[in-house]
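# A structural walkthrough
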Amino acid sequence: MSDPVADRVAVRKTYKLFIGGAFPRSESGRTFPVRAPDGTLLAHVAAASRKDARDAVRAARGAQGAWAGRAAYNRGQVLYRIAEVLEGRAAQLADEMAAVGVDAAAAREDVGAAVDSAVWWAGFADKLDQLVGAVNPVAGPFLNLSTPIPVGVCALACPDGGGVAGVLGLVLPAIMAGNSVVAVAGGPAALVTSTLGEVVATSDVPGGVVNLLTGDGGALLPWLADHEDVDLIELSGAPDGTHADLEERAAGNLKRVARTGGAETVDTAAALAGGTPVVALESTIVAHGLPRPDNLRIAGEIEAAVRGEGAVPATIAVLGGEVRVGLDAAGLWEIAEREDVLKLGVRDLAPALVRGAAGATTVASTATIAARAGIAAFATGGLGGVHRGAAETFDESADLLALADAPVVVVCAGVKSILDVGATLERLETLSVPVLGFGTDRMPGFYLSDSGHAVPWRVDDAAEVAAIQRARRELGLRQAVVVANPLPPE
């Protein structure tokens with residue numbers, strides 16, 4: 001008589017993706033088999049497509065803000081809950097690793113290491129600010145703090161043979177720091193990665209914070225490196241031979257690149273808790289350059305434009321005898337509406353501070369303060385320069401000398417067209433201040449797209465500007481970099 005149990009047809013599970021807190025099938029409907037070393041079919045696993053990756057990035061972006069806004073202590077509690085659920089499913093995860101050929105003892109050790117890692121990062125969450133942040137010494141009457149801020153959406157290349165610890169070693173520090181993640185795993189690791197979706201789903205992690213894709217990393221990772229809504233790509237588990245291409249793709253949209261290897265270190269946390277970029281803005285245009293009430297409205301629009309590109313605007317001014325690097329709504333209103341706001345160049349800063357005056361900063365003083373505050377970028381309208389007839393009057397803007405000693409990137413619409421543009425370019429050359437035409441070979445003249453003079457260098461994307469500034473820092477050069485960006489034709 002036959003054994004009814006032995007005669008049963010084995011039911012092979014089809015594992016799905018984990019996106020936005022749900023378990024969808026691949027958009028393409030494709031799966032791939034995971035087999036034991038002897039060829040026995042263990043399961044079918046969903047093969048993620050680019051559409052699935054796009055959905056995962058969208059879910060991660062939607063969840064990241066609220067997750068980052070939670071208290072660090074609360075994020076630690078959620079990570080500890082992951083450790084609890086992992087502990088309860090340790091046997092299943094170890095069995096799945098053993099089924100694909102991992103030694104049984106090594107599989108149990110790997111799962112135990114993953115549980116310990118979850119506990120470690122849970123305890124680290126509320127210590128990140130103290131270990132990575134700092135109070136920076138600055139030469140001025142203001143306080144400068146470095147505070148870790150989540151990078152945003154992180155794409156993680158998990159090692160195909162990394163097991164549970166290999167996947168969670170990348171996921172846990174990223175979400176601890178307030179990021180959301182899109183993790184990609186293939187090969188033998190795909191089986192446990194799919195099960196980890198079930199662990200995350202029952203661990204109080206908000207939907208969209210962790211998204212797990214199984215499939216061909218070689219096909220998915222280049223697309224994620226190109227995606228402009230992904231802020232960081234972690235390459236520790238990327239396939240051999242793909243790193244250089246992925247780095248080049250990431251540089252094309254100024255994406256951060258990390259290789260932490262999942263190490264339980266402060267360096268790993270720091271790599272995943274970057275600072276949001278800050279853009280300095282001058283205040284003279286608000287106080288003296290535009291008529292009321294348009295000045296306050298336009299100042300708000302300028303700051304909103306900076307925020308819209310993912311950066312923090314820092315309008316610089318002097319109020320109450322203090323340098324303000326970044327104004328709140330009340331401070332911006334004072335600069336726009338008060339009648340006694342002075343125009344402050346570099347030479348005027350100290351007297352204004354001593355007398356407790358209110359003052360708006362020029363290009364020169366804004367660049368100087370921004371450099372001292374550690375801000376790398378400054379956006380303005382038109383630069384000052386050499387006045388016409390300067391051979392007799394010696395009339396030259398203080399902007400030029402300030403730019404010779406303020407290592408910031410100054411993005412502007414060129415030199416004011418009423419000035420001697422040719423002489424200004426000559427003077428900038430004498431002061432060793434590089435001038436880059438952004439998408440143009442001609443020097444713009446504020447409202448004019450072409451002042452009639454050529455620029456020394458042309459650049460066509462922001463990545464090249466960043467590379468130039470990085471090279472200058474490595475050389476120890478102190479001058480600003482002027483990026484002349486002409487107004488659009490309309």
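Here goes a summary of the coordinates provided. All of these numbers come straight from a predicted model, not from anything done at the bench.

## Quick look at the overall build of the protein chain
If you tally the helices and strands in the protein chain, you get 19 helices and 20 strands. Its C-alpha atoms put the protein chain at 115 × 45 × 40 Å along the principal axes. In the protein chain, which comprises 490 residues, the proportion classed as buried is 47%. Put simply, 71% of the contacts in the protein chain that link residues at least 6 apart link residues at least 24 apart. Entry remark: accessible area of the protein chain is about 22500 Å², with carbon and sulfur atoms responsible for 54%. Measuring between centres, the 40 positive side-chain charges of the protein chain sit 3 Å from its 58 negative side-chain charges.

## So, the packing of helix α12 (residues 294–308) against helix α13 (residues 329–337)
How two helices pack is summed up by the angle between their axes together with the distance between the axes. At their nearest, the axes of α12 and α13 sit 9 Å apart, and the two run at 140° to each other. Taken together, α12 and α13 sit at an angle that is classed as oblique. In the packing of α12 onto α13, the handedness of the crossing is right-handed. Contacts between α12 and α13 involve N295, L296, A299, G300 and E303 on the former and, on the latter, L332, W333, A336 and E337.

## With respect to the pairing of strand β17 (residues 409–412)
Of the strand pairs in this sheet, strand β16 (residues 377–379) and β17 are connected by 3 bridges, and their pairing is parallel. In the strand pairing of β17, A377 is matched with V409. As defined by bridge partners, β17 adjoins strand β20 (residues 481–484) across 4 bridges and the pair is classed as parallel. Within β20, the residue paired with V409 across the bridge is V481.

## Focus: empty space enclosed by the protein
Inspection of the entire model under this criterion finds 1 cavity of 30 Å³ or more. Empty space within the largest cavity amounts to approximately 50 Å³. Taken together, A157, C158, D160, V184, G217, L221, G237, A238 and P239 make up the lining of the largest cavity. Residue composition of the lining of the largest cavity, by class: 6 nonpolar, 2 polar and 1 charged.

## Brief notes about the packing of aromatic side chains
Scanning all chains against the criterion turns up 5 aromatic pairs. Note on W120 and W121: the rings are 4.7 Å apart at their centroids and 85° apart in plane angle, and the pair reads as edge-to-face. We classify W121 as buried; its relative accessible area is 0%. For the ring pair W121 and F124, a centre distance of 5.4 Å and an interplane angle of 65° mean the geometry is edge-to-face. Of this pair, W121 and F124 both sit in helix α4 (residues 104–124), 3 residues apart, which is roughly one turn of the helix. Within the aromatic cluster, the residues linked to one another by ring pairs are W120, W121 and F124.

So, how was this worked out
Residues numbered from 1 in each chain as written. Predicted model: local features only at pLDDT ≥ 70, side-chain atom pairs only at ≥ 80, totals over all residues. Heavy atoms only, no water. Helix = DSSP H or I, 4+ residues; strand = E, 2+ residues; numbered from the N terminus. Buried < 20%, exposed > 50% of the residue type's maximum accessible area, 1.4 Å probe, protein only. Contact = heavy atoms within 4.5 Å. Areas by Shrake-Rupley, 256 points an atom, 1.4 Å probe, with all protein chains shown as cover. Lys, Arg positive; Asp, Glu negative; His and termini not counted. Charge placed at Lys NZ, Arg CZ, Asp CG, Glu CD. Axes fitted to C-alpha atoms, helices over the stretch in contact; angles between N-to-C directions. Parallel < 35°, antiparallel > 145°, perpendicular 65-115°, else oblique. Left-handed = near helix turned anticlockwise from the far one by under 90°. Pairing = 2+ DSSP bridges. 1 Å grid on protein atoms, 1.4 Å probe; cavity = no way out; pocket = protein on both sides within 12 Å on 5 of 7 lines; lining within 4 Å. Points joined across faces, edges and corners; volume = space filled by probe spheres on them. Nonpolar A, V, L, I, M, F, W, Y, C, P; charged D, E, K, R; others polar. Phe/Tyr/Trp six-rings, centres within 6.5 Å; stacked < 30°, edge-to-face > 60°.

Without other data, these values stay purely geometric and don't point to any function.
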